[in-house]
Amino acid sequence: MTVPTVRYTDERLPNGLRLVISEDHLVPVVAVNIWYDVGSKHEQPGKTGFAHLFEHVMFQGSRHVAKTEHFALVQAAGGSLNGSTWLDRTNYFETLPSHQLELALWLEADRMGTLLEALSQENLDNQRAVVKNEKRSSYDNQPYGTWQEKLLGHLYPEDHPYHHPTIGSMEDLDAASLEDVAAFFRTYYAPNNAVLSIVGDVDPVQARAWVDRYFGPLAANPAIPAFHAEPLPLTLGGEQRETVPDRVPLPRIYVGYRAPTLGDRRLYALEIAAQVLAGGKGSRLHRRLVRDAQIAQDVAMFGLGFASGPSVFMGWATVRPDATVEAVETALFDELARIGIDPISDDELDRAKALIETDELAGLQRVGERADRLSMYATLFDDPGEINLQLERYLAVTPEDVRAACAEFLVADNRVVLTYVPADAAVESTEAA
Amino acid sequence: MNAPDPVEAALGVRPVPGTPRPFTFPAAARGRLSGGLALVTVNLPGRPLVSASLYLPNGAVDEPADEGGATVLAARALTEGTLHRDAVALTEAAERLGATLRAEAGWDATVVGVDVPAERLGPALELLAELVLEPAFPQREVERLRDQRLNDLLQAKVDPARRAEEAFVETIYAPGTPYARVAGGRRETVETLDAGILRRAYGRRGDPDRGALIVGGDLAGLDVAGLVEPFFGELAAGAAASAGLPVVEDGLDRTRVRLVHRPRAVQSELRVGHLGLPRLSPDYHAVSVMAMILGGLFNSRLNMKLREEKGYTYGAGAGFDFRRFAGPFSARAAVNIDATVPALTDLLAELRRIREAAPSDAEMRAARDYLVGVFPLRFETPGPIVAALGGLVTFGLPADELDRYRPAVDAVTAGDVLTAARTHLHLERLAVIVVGDADVVGADLEKAGIGDVEVVREPEPLAEEA
């Protein structure tokens, strides 16, 4: 099987906007995707959660677009859309019937150029309340909901940009001001800090003309501050543990390791390891903990790749009521150690690669996903062409690569262990009585 | 004279849409295997990842109440071993093909399928046939799946959205009727499930016309009928179940407010609604447009009021879950605890308002244009195309239903929406579910006068109970 090559063009407007176009006329739909090279890692102390709050403000209108009209216009055009914030970036995306491409370009340009003209205290306060409810829904009111904050908190020192999650803290969200929004916009939301990808049923000549027209007049920011994070060792240099009482019926062990930075070939080896360890019913951890010993309810292992420092390799196991935390932890760490001692079998490697190949095929068949990946590789690797090299990089991994990467990173003095346990039963049942 | 502003010159005029490129739902070829099973194939050039799904007329709705959860668990057990291989061998065989086997049951059907690169479709279908035709239901694996489901139910008790869903369906449906439980079943019945019950649930095939094998993707050079005949040819379409149709019964005769106590919750999870209507209702399209305006679009009335105006929530919505029989209608939001009663008041006001007057032209356009315009986006890849064709089979809809969908939506008028709201939203008998801190919101909720408030206080779902 071959995964089809993604053909694209890659150019820059005079104001620095990077434009990537990839044609695919199978279905009359087109994806527009913008990555801004700004994420929660750019937030200043006392301003955590700001990049994400700002993303919400981007839907509150600009000079020619009223509050919430961005959503209204795209949905009425038969499109789907959203934005998202991550540690390394913020992205905005629409997929629409192809004859509506110009609308999406105009909308994105209008807010890139004129957002501040529609900014109001009322809209900021409204979205601050919305985001605080997002934090409550997705984190504070969820079982095990604090794991991300705790894991990042232990894996990165307090002054490191990856120490805090994108959602930030309630106090910092409360402190965000109109001046903060304006300064953030002027600094980071400039054409020379963005990649615009257009993928699908598109006439590239026409699309380029629209991009020139709508984005061309927008001013670059010649003074985007260079991002800097103090270099960290790729390993932690000591185990960190925390026991977290929570309102949960089943204990759960989260384990997180520092891992190589995005682009490092050892990260590909670790992703193969994640598949061998916990990718589906044939995986080692699933077999041992869930199926054979029947001590875990579920297991998971995956990597979170970061661009400006160590990445995270992590996972969890949920402890069944009739098992002990200790038994699950012992078996979990035993498997995580074993994969760094004996090379995985050729069959395990081949199965992992076959599934990764199918995943690539599945992901790349959607124009929205293809556009997001082109923007990602252009932003983080300065080369959208990385989209066509990923599969080779996975296929090049050998059993010895996997063993060596696991031996280097999946070790006790590079790990954070969070143990969630049911909160004090006595207190709870008194209240329930 | 001032120089013209180049930004204004560029952005001052809104673009108008170009000419739409026509899109039609991909043509499907229909035939039958020798045993009677319907075969539907859709050739999608340029889509090398093929999606194949076998729709079997075994839904959770068809199982007896005292075996609640058996159908869902039986489907899960299909990948846990066959007469020839155990689960690990089965999984490994699929993985070598770069394929993932899926087997899931819902209220209406059991769907067993595989997604696989086209050149390995044959061996993948052979595996699929093995688990469909020769499942072993191994005792040990069945017991493990059952215990995992029981643990999952424990976890659902502390997940606000799942807890609200559970309380909601058991309030809007009469006790003991199918939809009054979640499809995976409740503790009391799941505890009693064993391999024999699962085998029986899997063998309980309903109307054979609700079964089909559907294959979509780049099928160039593949004789799909020839490929599947040796594996599925003998799969009898099955005899119609002799038992009568399941009876779905309304559980509400008045508005009931149920407050499920969640100590120290920072939000209240809200569900408001009642029994809705079946997929085959002639009002399907009008109700779909109405639900979009009320709580489907981002700019729906509920989301605009509760999120964009009041900031009570990250998102508010409403919709009908269309099933073979009358599934639920629900409006929903998770709101900060201080806003519990004000948010409920606003939510109920929007339910009243959409029954009082026809929506504006702008609202009608937004909803219709979205549903019509988003159609090609929904069917970009083989998976959703196969699933849509599966829906036709499951619900007994005509083959041209997907071609008629957009004209039918376009024909819905503001008057139709008003009629649909008045006919299908019942404000005098609502279930109002609040999962939140009863010590904080209980008194205000009583005072709000929505209905009698029943406070549900449960012991903590501790692991020791399992």
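Residues numbered from 1 in each chain as written. Chains lettered and ligands numbered in written order. Predicted model: local features only at pLDDT ≥ 70, side-chain atom pairs only at ≥ 80, totals over all residues.

Caption draft 1: Examining the overall build of chain B more closely. A tally of regular secondary structure across chain B gives 18 helices and twelve strands. Relative to the compact-globule value of 23 Å for 466 residues, chain B shows a C-alpha radius of gyration of 25 Å, a close match. Structurally, chain B occupies a C-alpha span of about 70 × 70 × 45 Å along its principal axes. Sequence separation of at least 24 residues holds for 81% of the intrachain contacts in chain B that already meet a minimum separation of 6. (Helix = DSSP H or I, 4+ residues; strand = E, 2+ residues; numbered from the N terminus. Rg over C-alpha atoms; globule rule 2.2 N^0.38 Å. Contact = placed C-beta atoms within 7 Å.)

Caption draft 2: Spatial organisation of the overall build of chain A. On a plain count of helices and strands, chain A comes out with 16 helices and eleven strands. Computed over C-alpha atoms, the radius of gyration of chain A comes to 23 Å, within 12% of the 22 Å expected from 2.2 N^0.38 for 433 residues, which places it in the range of a compact globule. Each principal axis of the C-alpha atoms in chain A carries an extent, and together these give about 65 × 60 × 40 Å. Counting contacts in chain A only where the partners sit at least 6 residues apart, residues at least 24 apart contribute 81% of the total.

Caption draft 3: Summary view of the pairing of strand S9 (residues 296-304) of chain A. Residue and element names in this part refer to chain A. Relative to strand S10 (residues 311-319), S9 is paired through eight bridges, and the arrangement is antiparallel. Its bridge partner lying in S10, Met 301 is registered against Gly 315. The antiparallel hairpin formed by S9 and S10 contains six residues in its connecting segment. (Pairing = 2+ DSSP bridges.)

Caption draft 4: Structural detail: the sheet that holds strand S5 (residues 110-117) of chain B. Residue and element names in this part refer to chain B. Strand order in the open sheet made by the six strands is S1-S2-S6-S3-S5-S4, with mixed pairing throughout. Bordering the open sheet on either side are strand S1 (29-32) and strand S4 (100-105), each of which pairs with just one other strand. Averaged over all neighbouring strand pairs, the angle between strand axes comes to 15°, with direction disregarded. (Axes fitted to C-alpha atoms, helices over the stretch in contact; angles between N-to-C directions.)

Caption draft 5: Highlighting the domain arrangement of chain A. Residue and element names in this part refer to chain A. Partitioning chain A into structural domains gives domain 1 (9-215) and domain 2 (240-432). Of note, the centres of domain 1 and domain 2, computed from C-alpha atoms alone, are 28 Å apart. Across the contact, 34 residues belong to domain 1 and 31 residues belong to domain 2. Going through the elements one at a time, strand S2 (18-23), strand S3 (29-36), strand S5 (90-97), helix H5 (147-155) and strand S6 (194-200) are the ones with two or more residues in the side of domain 1 that touches domain 2. Among the elements that take part in the side of domain 1 that touches domain 2, S3 stands out by supplying six residues, more than any other. Each residue belonging to the side of domain 1 that touches domain 2 can be placed in one class, and the counts come to 17 nonpolar, nine polar and eight charged. (Domains from an automatic or database assignment. Nonpolar A, V, L, I, M, F, W, Y, C, P; charged D, E, K, R; others polar.)

Caption draft 6: Quick look at H5(A). Residues and elements named next belong to chain A. Burial in H5 covers these residues: Trp 147, Gln 148, Leu 151, Leu 152 and Leu 155. Along the axis of H5, the buried residues cluster in a sector spanning 120°; they form a single face. Buried residues along H5 sit in contact with strand S8 (252-259), S10 and strand S11 (415-422). (Buried ≥ 20, exposed ≤ 12 C-beta atoms within 10 Å, placed from the backbone. Arc of directions from axis to C-beta.)

Caption draft 7: Geometry of helix H12 (residues 346-364) of chain A. Over its 19 residues, H12(A) runs 27 Å from end to end, which matches the ideal 27 Å to within 8%, given 1.5 Å per residue. Of the positions making up H12(A), those classed as buried are Glu348(A), Leu349(A), Arg351(A), Ala352(A), Ala354(A), Leu355(A), Ile356(A), Thr358(A), Leu361(A) and Leu364(A). (Expected span 1.5 Å × (residues − 1).)

Caption draft 8: Spatial organisation of the interface of chain A and chain B. Listed per partner, the contact involves 70 residues of chain A and 71 residues of chain B. Taken together, the elements giving at least two residues each to the side of chain A that touches chain B come down to helix H2 (69-76), S5, helix H3 (101-114), helix H4 (121-140), helix H8 (204-215), H12 and helix H16 (425-432) of chain A. Considered class by class, the residues forming the side of chain A that touches chain B number 30 nonpolar, 23 polar and 17 charged.

Caption draft 9: Structural context of the nonpolar core. Leu128(B), Leu198(B) and Met290(B) are the most contacted members of the largest nonpolar core, which has 270 residues in total. The element best represented in this core is helix H9 (residues 265-278) of chain A, accounting for nine residues. When near neighbours in sequence (up to four residues on either side) are disregarded, Leu198(B) contacts Ala70(B), Leu73(B), Ala74(B), Ala77(B), Phe137(B), Val142(B) and Leu193(B). (Core = buried A, V, L, I, M, F, W, Y, C linked by C-beta atoms within 7 Å.)

Caption draft 10: Focus on the domain arrangement of chain B. Residues and elements named next belong to chain B. Partitioning chain B into domains gives domain 1 (29-232) and domain 2 (256-461). Taking only C-alpha atoms, the centre of domain 1 and the centre of domain 2 are 28 Å apart. Taken together, the contact pairs 36 residues of domain 1 with 32 residues of domain 2. Contributions of two or more residues to the side of domain 1 that touches domain 2 are made by strand S2 (38-43), strand S3 (49-56), S5, helix H5 (139-157), helix H6 (160-172) and strand S6 (212-217).

Caption draft 11: Representation of the environment of Gly185(B) in the model. Along the chain, Gly185(B) turns up in the loop between H6 and helix H7 (187-190). For Gly185(B) and Asp66(B), which are 119 residues apart along the polypeptide, the C-alpha to C-alpha distance reads 9.5 Å.

Caption draft 12: Examining the confidence of the model for chain A more closely. Of all residues in chain A, 97% have pLDDT values of 70 or greater, and the mean over the chain is 96. Taken as a whole, residues 425-433 of chain A scores under 50 in pLDDT and shows twelve contacts with residues more than four places along the chain or in a different chain. (pLDDT = per-residue confidence, 0-100.)

Caption draft 13: The arrangement of the sheet that holds strand S10 (residues 328-336) of chain B in detail. With mixed pairing, six strands are arranged side by side in an open sheet as S9-S10-S8-S11-S7-S12 (chain B). Bordering the open sheet on either side are strand S9 (313-320) and strand S12 (453-456) of chain B, each of which pairs with just one other strand. On average, each strand axis in the sheet is tilted by 15° relative to the strand beside it, whichever way the strands run. Two elements, strand S8 (residues 267-275) of chain B and strand S11 (residues 431-436) of chain B, share five bridges in a ladder whose sense is antiparallel. Within S11(B), the position partnered with Gly273(B) by the bridge is Ala431(B). Contacting S8, S9 and S10 of chain B, H4(A) crosses the sheet at an angle of about 70° to S9(B).

Caption draft 14: Examining the packing of helix H10 (residues 284-296) of chain B against helix H11 (residues 301-309) of chain B more closely. All names here are of chain B. Two elements in contact, H10 and H11, have axes separated by 5 Å at closest approach and are oriented at 5°. Of the possible angle classes, the one that applies to H10 and H11 is roughly parallel. Judged by residue contacts, Ile 293, Leu 294 and Gly 295 of H10 engage Arg 301, Leu 302 and Asn 303 from H11. (Parallel < 35°, antiparallel > 145°, perpendicular 65-115°, else oblique.)

Caption draft 15: Summary view of the pairing of S8(B). Residues and elements named next belong to chain B. Counting buried positions over the nine residues of S8 gives nine, a clear majority of the element. Pairing analysis gives nine bridges linking S8 to S10, with the strands arranged antiparallel. For Val 272, the partnering residue across the bridge sits in S10 and is Ala 331.

Caption draft 16: Here's a closer look at the packing of H9(A) against helix H15 (residues 399-409) of chain A. Residue and element names in this part refer to chain A. Orientation of H9 relative to H15, taken along the N-to-C sense of each, is 95°, at an axis distance of 8 Å. Put simply, H9 runs roughly perpendicular to H15. The segment H9 lies against H15, with Arg 266, Ala 269, Leu 270, Ile 272 and Ala 273 engaging Asp 401, Val 402, Ala 405, Cys 406 and Phe 409.

Caption draft 17: The arrangement of the confidence of the model for chain B in detail. Here chain B averages 95 in pLDDT, and 97% of its residues register 70 or above. Among the scores for the predicted complex, ipTM is 0.96 and pTM is 0.96.

Caption draft 18: Structural detail: the environment of Tyr188(A). All names here are of chain A. Within the fold, Tyr 188 resides in helix H7 (residues 178-188). Since 20 C-beta atoms lie within 10 Å of it, Tyr 188 is described here as buried. With 112 residues separating them in the primary sequence, Tyr 188 and Ala 300 have C-alpha atoms 36 Å apart. Contacts of Tyr 188, omitting those with residues within four sequence positions, involve Tyr 36, Val 38, His 42, Asn 193 and Ile 224.

Caption draft 19: Molecular detail of the environment of Asp218(B). Residue placement: Asp218(B) occurs in the loop between S6 and helix H9 (224-232). For Asp218(B) and Glu119(B), which are 99 residues apart along the polypeptide, the C-alpha to C-alpha distance reads 9.8 Å.

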